[in-house]
Every structure is written in C-alpha cells, then in structure tokens.
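Given next are the chains, with one letter for each unit.
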Amino acid sequence: MILVATVQRGRNKPYKDLAGHIWVKQEADKRRVTENSELLSLFQDSGEYHADEASVKDTSVRDIDTLALDRFFQNVYGKPLTEFDVPQDQLLHNLHVTDSKGRLTTAGLLFFGQRPQQYRPMFVIKAVWFYGNSIAGTEYRDSRDIEGTIPEMFEQAMMWLKSCLRRTQNGQSYNSIGQLEIPETVLEELLQNALVHIDLLKTAAIRLMVFDDRVEIVNPGCVMGGHTIDEVKLGNSFARNPLMANFCAKTMPYRGLGSGIPRVLAEDSQVEFIDSKEGNQFTVRISRPLTATEAGSNTDLAVSSDKKAVSSDEKAASKQKVAVSKEQMLLAFCVKPKSLSEICKHLGLKDRYKVKKRYIDPLLNKSLRMTEPESPNSPTQKYVTI
C-alpha cells in the first residue's frame, strides 16, 4: 500500500518549526538557515522583503542629483518640485526616495543619486566585446564599466550595444540607415529587465557580453516567486524591486506589466533564457544572425574604431586559443555548477587532489564559489563561477 499526502502551499513563507527555526532542503537532506543574507533572500523571494526599500547608510538629501529629481517631477507631475505645497522632505519620503530619517533608499540612490557607485560599488554593468565566441578569451575589442543612475546606465549600455552590432541594408534603399541585426526593442526590454530585476542582495555586477555569434546579458538573481521561464514568457510578472520598477515605469520605456518578454518573443529573434537557481543568476542569450565570416567582410559595422582585417582577427583568435589557461578553462566550464570529477575530466587531468589544490582553491571566493560552503568536503559539493 502506498500513502500519498498532498500538502497545500502556505502563504506565510519562509516556514518555521515550533522553535522558530527556518529549514531548507539540500539534496536528499535538509539544513537550518543561519546566515542573515540567506534569511533576507528567503524573505525577498516570498515578497516579504524588498531590498530596494532599504536605507543606504551615511546618505542624505545632499546626495541627490537635483536636476534629475526636477526632471522626474516635471515629466511625471507636470511641475517642478518647488511648486508642491508639501514640504520637500515629506514629499521625498512619500515617494520613498528617502526614509523617515532623511537617508536615501536604495531605489532613491540608484535613480536620483549623484554618485550611486560611491555607496553601491557593485551596481555596475561590466561590458565586454570579445573576439570569437568564448568567454575564456584573453583579447577583446572593447571593455568598460558602465556606471551612473539606472536611467544613465540604460542609455549608455544601449549606445554601447548599438556601437558593437552591425547594421544591415535588409532590403531597404541605398540611402537608408541600416537596421540593427538585433531589433532595438529586444535590446531595450532585456536590458531594462536586467537593471530593474537585479538581486540587490547579491554583490555581483550585471554582465553584458558581445561575441561573434551572440549577445549575453547575465543578471544577478534568478526568476523568483516560484515562477518558471515558461510563465515569464507568458507575461507573468513578480517584481523583486517594486520601487525601482515604479520609477522605471515613469522615466524609461519600461512598462512593468510583464509584457516585455512577450514583446521580445514577438520580434522573432532567437532568444534563449537560462534560469540558474543554484548560481542565483538569470542569463539571456540572443543569437546574432550574421556568421563570423560575414562579420569579417561586412563593411556596415556600427563601430568605426575596429579596423582590423579578417586575417588579423583569425590570427588573434588562434593566439587566444593557445593562450587559454587551465584556470580560464575551469571558469568558463563552471558557469553552471560542476563537481570536482566533472572539472578533472574537462581539464583532462586525473589527480583530483592536485586539481583542487592547484586550480580550484586559489580561485575560491574570488572567481569561484562552493555550492555548499558549510560542508567543503561534501560528496555533493560543486563549484560555480561568480
């Protein structure tokens, strides 16, 4: 006889035992949650906590960019901040730009701060335009950190992306401006999603990478609220950062209705969504329609600074293949969590002890992390690139 018990999902997540402890499932076992960061993450996933509402230590109204704030009030309410009858401090608090003590909220800092990265240094977009198609490559065409407020970062990142991508005639007349190989709508929606839905509890930057065959946007924070990628494709929305989503909806093309991903899919672009729960990151991979060979002979590149001939590109690509180290191979392979055995096999090495001591240990907590940091010698231990 088999007894099947069905337990309905509760509303008061995360669940606690009678002693008030919170437990999470780990493989076939369970473990007690003790780290503050993990507790906050659980409350965030349940919608009970929003990191964008948190106060930013040592900030005040003096850190606000008054021009950006006046522009916001003029665009949204049709009049400047000074024309409201409500005192300015109260008005900023009502909008959740500041807290009750006059400190900036995280959302207020990221939208209206003069220097957001002074207080949140990891909130940047790390943009790299690679030669070839491997993240382990040692040479690049362009690399930069994109900083500023969220609207500024969005605008700069869009300009950078458009400078990296090709423009094609696509059946238009000779005098027409070429069309981007990836529709601008697709880039706008996916870039805005990355900025708005970033997991602020994870100290990692947004990565924007352009390869010969694709564009990748890697965002800290997986799909939350128990949703799946299929649900996201249908327009189901769960705001990780509701204040940021609200500000975005009023200042940028972002609508906040869950319609962004369906609009991306409607453009018939080849887009792949990868939701990594273990690595707590969400990756969007957009295929570029032109091949690397076509790219070498295509004179319609949006960037005029890249003057290298195809033969030079091929030489550079062959050099980088030779120069790839074991560490680079390891980091590229561990984009998804991998076990020590899998890493040894990928590197073509048999001595597990030497691989761990020589290649894995020096990278831990720098470029690599354990999936089970409390149990370093666990038989189910895996390693994932940060």
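Preceding this paragraph is the structure being described.
Conventions and cut-offs
Residues numbered from 1 in each chain as written. Predicted model: local features only at pLDDT ≥ 70, side-chain atom pairs only at ≥ 80, totals over all residues. Heavy atoms only, no water. Pairing = 2+ DSSP bridges. Helix = DSSP H or I, 4+ residues; strand = E, 2+ residues; numbered from the N terminus. Axes fitted to C-alpha atoms, helices over the stretch in contact; angles between N-to-C directions. Contact = heavy atoms within 4.5 Å. Buried < 20%, exposed > 50% of the residue type's maximum accessible area, 1.4 Å probe, protein only. Core = buried A, V, L, I, M, F, W, Y, C linked by side-chain atoms within 4.5 Å.

### A word on the sheet that holds strand E8 (residues 214-220)
Here's step 1: The strand order across the open sheet built from 6 strands is E4-E3-E7-E8-E10-E9, with neighbouring strands paired in mixed fashion. Each end of this open sheet is capped by a strand with a single partner; those strands are strand E4 (140-146) and strand E9 (271-276). In this sheet, adjacent strand axes meet at a mean angle of 10° when their direction is disregarded.
Here's step 2: Where strand E7 (residues 206-210) lies against E8, 4 bridges are found, and the strand directions are antiparallel. Residue pairing in the sheet places Met209 in a bridge with Glu216 of E8.
Here's step 3: Relative to strand E3 (residues 125-130), helix H6 (residues 150-164) is tilted by about 0°, and along the sheet it contacts E3, E4, E7 and E8.
Here's step 4: Helix H7 (residues 184-196) rests against E3, E7, E8, E9 and strand E10 (281-287) of the sheet, and its axis sits at about 20° to E8.

### What to know about helix H9 (residues 242-251)
Here's step 1: Of the positions making up H9, those classed as buried are Leu243, Met244, Ala245, Phe247 and Cys248.
Here's step 2: Residues of H9 that are buried make contact with helix H2 (66-77), helix H4 (106-112), H6 and H7.

### Looking at the nonpolar core
Here's step 1: Counting 62 residues, the largest nonpolar core has Ile125, Ile150, Leu190, Leu208 and Ile286 as its most contacted members.
Here's step 2: The biggest single contributor to this core is H6, with 8 residues.
Here's step 3: Apart from the residues lying within four places of it in its own chain, the contact partners of Ile125 are Arg144, Asp145, Ile146, Met153, Ala157, Leu191, Leu195, Ile206 and Leu208.
Here's step 4: One finds Leu330, Ile343, Cys344 and Leu364 within the second-largest nonpolar core, a separate group that totals 14 residues.

### Some thoughts on unusual backbone geometry
Here's step 1: Positioned with a positive phi, Asp58 is a non-glycine residue whose angle comes to about 70°.
Here's step 2: Mapped onto the elements of the fold, Asp58 is located in the loop between helix H1 (36-46) and H2.
Here's step 3: One non-glycine residue, Asn365, lies in positive phi territory at about 65°.
Here's step 4: Structurally, the position occupied by Asn365 is in the loop between helix H15 (352-360) and strand E11 (368-370).
Here's step 5: Note on Asn365: relative accessible area 70%, which makes it exposed.

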